[in-house]
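A closer look at the structure
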Amino acid sequence: MKSVLLIGLGRFGKHIARKLNELNHQIMAVDSNEERVNSVLPFVTNAQIGDSTNEEFLSSLGIRNFDACIVAIGDNFQNSLETASLLKELGAKKVIARASTGVQEKFLLRNGADEVVYPEKQLASWTAIRCTSDNILDYIELDENYSIFELSVPSEWIGKSILQLDIRKKYGISILAIRENGKLHMNIVPDTILSAEKSILVLGEQKAIQKCFRI
């Protein structure tokens, strides 16, 4: 269980609050809008109405006590930037901030943010990848070169074993897990037989995965 300070409770912030709650973390939620604060009360441990660009207010929250601080402000970049900077000055262990453009991402990283999430960019990347093939079920980009894909089993692979396919040797791709009936199985052995009811999670260079699965 971690203690998280969440600042900014618009749609993005509210989704974060819900997910953190599902994961059983302690959440302190902050927004200057009373209505937004009230809307997340069922999902958070505590909540405050206040101005995150006010150093005295932020300091009163005990910033050093949080494992992570998330700046989810989406409607005022100046406030987001000032908040990220103040959090770091007040001793925040980890500051994660939201950006809407590449320029914002650069400014946040230079002014207090340890990490930046860029929802529009990430969603655009996912949409572009997803539309290239009906076999792609999920996608996680690890860096510029490597990704994890969840894919339905290609028709020509059905009935074959992991050993027979040998995609690690041919393409440098690792099969991390197999999902069947909604359950993820991590214990993959060479004689595991693939079927149409299963999907596979693979890790490798994006170009190699595209070549292997023709996507």
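Whatever comes next refers back to the structure up there.
Throughout what follows, the structure given in this document is the object of discussion. Going along each chain's sequence as written, the residues are numbered from 1 onward. Local features in this predicted model are restricted to residues whose pLDDT is 70 or higher, and side-chain atom pairs enter the listing and the counts only when it is 80 or higher, whereas totals over whole chains, interfaces and linings include all residues. With hydrogens and water stripped out, all remaining heavy atoms of the structure feed into the side-chain values.

1. Quick look at the overall build of the chain
The secondary structure listing takes helices from DSSP runs of H or I that are at least 4 residues long and strands from runs of E that are at least 2 residues long, numbered from the N terminus. Summing up its helical and strand segments, the chain has 9 helices and 11 strands in all. Against the compact-globule benchmark of 17 Å for 215 residues, the chain has a radius of gyration of 21 Å, which places it well outside the compact range. Principal-axis analysis of the C-alpha atoms places the extent of the chain at approximately 65 × 35 × 25 Å. Only protein chains enter the area calculation, which uses a 1.4 Å probe; residues under 20% of their type maximum are buried, those over 50% are exposed, and those in between are partly exposed. In the chain, buried positions account for 42% of the 215 residues. Where accessible areas are quoted, they stem from the Shrake-Rupley method and a 1.4 Å probe; at the residue level, only the protein chains shown are allowed to cover. Surface accessibility of the chain: about 12500 Å² in total, with carbon and sulfur atoms responsible for 47%. When the 25 basic and 27 acidic side-chain charges of the chain are each reduced to a single mean position, those positions are 7 Å apart. Radius of gyration: over C-alpha atoms. The globule rule applied is 2.2 Å multiplied by the number of residues raised to the 0.38 power. His is not counted here, nor are the chain ends, while Lys and Arg score as positive and Asp and Glu score as negative. Charge coordinates come from a single atom per side chain, which is NZ of Lys, CZ of Arg, CG of Asp or CD of Glu.

2. Digging into the pairing of strand β1 (residues 3–7)
Of all 5 residues that make up β1, 5 are buried, and the element is covered over most of its length. Of the two faces of β1, both are covered, the one formed by Ser-3, Leu-5 and Ile-7 as well as the one formed by Val-4 and Leu-6. Strands pair, by our definition, only if DSSP identifies at least two bridges between them. Both β1 and strand β2 (residues 26–31) contribute to a ladder of 5 bridges, which runs parallel. Note that in β2 the partner of Ser-3 across the bridge is Gln-26. Seen with its strands pointing away from the viewer, a crossover is right-handed when the path leading from the first strand over the helix to the second is clockwise. Following the chain from β1 across helix α1 (residues 11–22) to the adjacent parallel β2, one finds a crossover that is right-handed. Note that β1 and strand β4 (residues 68–71) share 4 bridges and pair parallel. From the neighbouring strand, Leu-5 faces β4, where its bridge partner is Cys-69.

3. What to know about the pattern of salt bridges
Counted as salt bridges are all cases of a side-chain nitrogen of Lys or Arg within 4 Å of a carboxyl oxygen of Asp or Glu. With the rule as written, the count across this model stands at 6 salt bridges. Across the salt bridge formed by Lys-19 and Glu-22, the nearest N and O atoms sit 3.4 Å from each other. Of this pair, Lys-19 and Glu-22 both sit in helix α1, 3 residues apart, roughly one helical turn. Note that Asp-31 is salt-bridged to Arg-36, the shortest N-O span being 3.8 Å. On the basis of relative accessible area, Arg-36 is assigned to the partly exposed category, the value being 32%. Via salt bridges that share partners, Asp-31, Arg-36 and Asp-75 belong to a single interconnected network.

4. As for a nonpolar patch on the surface
Patch membership requires over 30% relative accessible area and the absence of a salt bridge. Like charges are linked within 9 Å, and nonpolar side chains (Val, Leu, Ile, Met, Phe, Trp, Tyr) within 5 Å. Taken together, the side chains of Ile-140, Leu-142 and Tyr-146 make up a nonpolar region of the molecular surface, amounting to roughly 290 Å² of accessible area. Inspection of the secondary structure puts Leu-142 in the loop between β7 (136–141) and β8 (146–152).

5. What about the pairing of β2?
Look at any regular strand and the pattern is simple: side chains alternate between the two faces of the sheet. Here β2 lies mainly inside the structure; 5 of its 6 residues are buried. Strand direction decides the pairing type here: β2 and strand β3 (residues 46–49), joined by 4 bridges, are parallel. Following the sheet pairing, Asp-31 is matched in β3 by Ile-49. Note that the unit made of β2, helix α2 (residues 34–40) and β3 has a crossover that is right-handed.

6. Considering the sheet that holds β3
Taken in spatial order, the 6 strands of this open sheet run β3-β2-β1-β4-β5-β6, and their pairing is parallel. The open sheet has two edge strands with one neighbour each: β3 and β6 (115–117). The average angle at which neighbouring strand axes cross in this sheet is 20°, direction not considered. Note: β4 against strand β5 (residues 95–98), 3 bridges, orientation parallel. Looking across to β5, one finds that Val-71 is bridged to Ala-97. Its contacts with the sheet place helix α4 (residues 77–89) against β1, β4 and β5, and it is angled at close to 165° to β4. Orientation is described by lines fitted to C-alpha atoms, with helices fitted over the stretch in contact, and by angles between N-to-C directions that extend from 0 to 180 degrees. Here, two residues are considered to be in contact whenever any of their heavy atoms come within 4.5 Å of each other.

7. Let's talk about the nonpolar core
The tendency in soluble globular proteins is for nonpolar side chains to be buried side by side. Core analysis: the largest hydrophobic core is formed by 24 residues, its most contacted members being Leu-5, Leu-58, Leu-61, Ile-63, Leu-87 and Leu-108. When contributions to this core are tallied by element, the ones reaching two or more residues are β1, β2, α3 (55–60), β4, α4 and β5. Among the elements that make up this core, the one with the highest residue count is α4 (4 residues). Setting aside anything within four residues of it in sequence, one finds Leu-87 in contact with Leu-5, Ile-7, Leu-58, Ile-63, Cys-69, Val-71, Ala-92 and Val-95. Only buried residues count toward a nonpolar core, which is a set of Ala, Val, Leu, Ile, Met, Phe, Trp, Tyr and Cys residues joined through side-chain atoms within 4.5 Å.

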